[in-house]
2 protein chains.
Amino acid sequence: MRLTEGVEWAAHCAVVLSKLPPGAYLPATRLAEYHEVPPAYLAKTLSVLARAGVVESVPGRSGGFRLARRAEDVTLLDIVLAVEGNDLAFRCAEIRRRGPAPFIGGKGSPACLIASAMWRAEAAWREELASITVAEIADRVDRERLTPAARERAAEWRAAAATWPSR
Amino acid sequence: MRLTEGVEWAAHCAVVLSKLPPGAYLPATRLAEYHEVPPAYLAKTLSVLARAGVVESVPGRSGGFRLARRAEDVTLLDIVLAVEGNDLAFRCAEIRRRGPAPFIGGKGSPACLIASAMWRAEAAWREELASITVAEIADRVDRERLTPAARERAAEWRAAAATWPSR
């Protein structure tokens, strides 16, 4: 079981986008440059984030991406499910209904106990990811991880890279 | 993100093996028959379970598989990690260290906050899977899911299919 690298990219992009002032956007190529990731692959990641309603975009030369809602309202789970899809990792093929001593039960039967346990674990995973927002991560990165100089460089870079489609 | 179907097979096989009396084994082909799964693929799943120390086997015509330890000591997590591997699903490529405003920190630096959150979620997933054993599942399947007739058919099937290598 492995998550794609797009999850890491998407989460970092969301953090950068959360720092934009209202009305500002960042072009996909600049987001790729900021994270030194392949622009073509990042463009795909950004488009799945857009389809999932996590980011929104304005096309064209002065266009770009921004968060589709407040960073306080975007959880890490929103981002992971946007990139990985919403399907459960464990799929139950109901093999308990096969063979010489099958479980016999119609629709509405209680789930297989193995599947139930697998899904409880996934619920715990999702709950944990849903408990942290992009706003919290962005705030803690600034306070706990970046030096004042790095914070300043990031702010300067954003100011230079931002586009203002409606101006 | 998707778990392989081998996880479901392995968990069901472990439940069946937990019902064997001491000294008894089940051939891989009979386990495949019991679950109506492809014998060649199931053989691979059983061999990864053996490598992980979840099951053990005796080769040959009168050989087969049994749990390598008490069913009370085999958790669903043991089975999932045996089949899927022990690697974390989220791999951090430290992209925070790239670009115009990188995180600067040597070895021993605190982890990226995105990675930390992803790994907390995985820890929650693992904790949930580690909280249930094959013994509990097997016991609850018998009490809550199978009819008395199905339980009896299962016991008869096991008695007929079991091998006793040391007799």
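## Remarks on unusual backbone geometry
Trans peptide bonds make up the majority, and among non-glycine residues the majority have a negative phi. Residues and elements named next belong to chain B. Backbone geometry places E36, a non-glycine residue, at a positive phi of 50°. Position of E36 among the secondary structure elements: in the loop between α2 (28-35) and α3 (39-51). Positive phi, normally seen in glycine, also occurs at E94, with a value near 55°. Take E94: it is sitting in the loop between α4 (76-84) and α5 (113-130). Take E94: its relative accessible area is 25%, and that puts it in the partly exposed class.

## Considering the relation of the copies chain B and chain A
Both copies of the chain are related by a screw-like operation: a rotation about an axis and a shift along it. For the match of chain B to chain A, the screw axis carries a shift of 0.0 Å, the RMSD comes to 0.0 Å, and the turn is 180°. Taken together, these values place the two copies in the relation of a two-fold axis. Taking C-alpha positions as reference, the residue of chain B nearest the rotation axis is W125(B), located at 2.5 Å. When the interface residues of chain B are mapped onto chain A, 100% of them are again interface residues, pointing to one common binding face.

## So, the pattern of salt bridges
By the definition in use, this model includes 26 salt bridges over all chains. Across the salt bridge formed by D87(A) and R91(A), the nearest N and O atoms sit 3.7 Å from each other. Its relative accessible area of 34% is what places R91(A) among the partly exposed residues. The residue E72(B) makes a salt bridge to R70(B) at a minimum N-O spacing of 3.8 Å. On the basis of relative accessible area, E72(B) is assigned to the partly exposed category, the value being 45%. Linked through salt bridges whose partners overlap, the residues forming this network are R70(A), E72(A) and D73(A).

## Some details on the confidence of the model for chain A
Averaged over every residue, the pLDDT of chain A is 95; residues scoring 70 or more account for 100%. Interface predicted TM-score (ipTM) for the complex: 0.95; the corresponding pTM is 0.94.

Parameters at a glance
Residues numbered from 1 in each chain as written. Chains lettered and ligands numbered in written order. Predicted model: local features only at pLDDT ≥ 70, side-chain atom pairs only at ≥ 80, totals over all residues. Heavy atoms only, no water. Helix = DSSP H or I, 4+ residues; strand = E, 2+ residues; numbered from the N terminus. Buried < 20%, exposed > 50% of the residue type's maximum accessible area, 1.4 Å probe, protein only. Least-squares fit on C-alpha atoms with pLDDT ≥ 70 in both. Contact = heavy atoms within 4.5 Å. Salt bridge = Lys/Arg side-chain N within 4 Å of Asp/Glu carboxyl O. pLDDT = per-residue confidence, 0-100.

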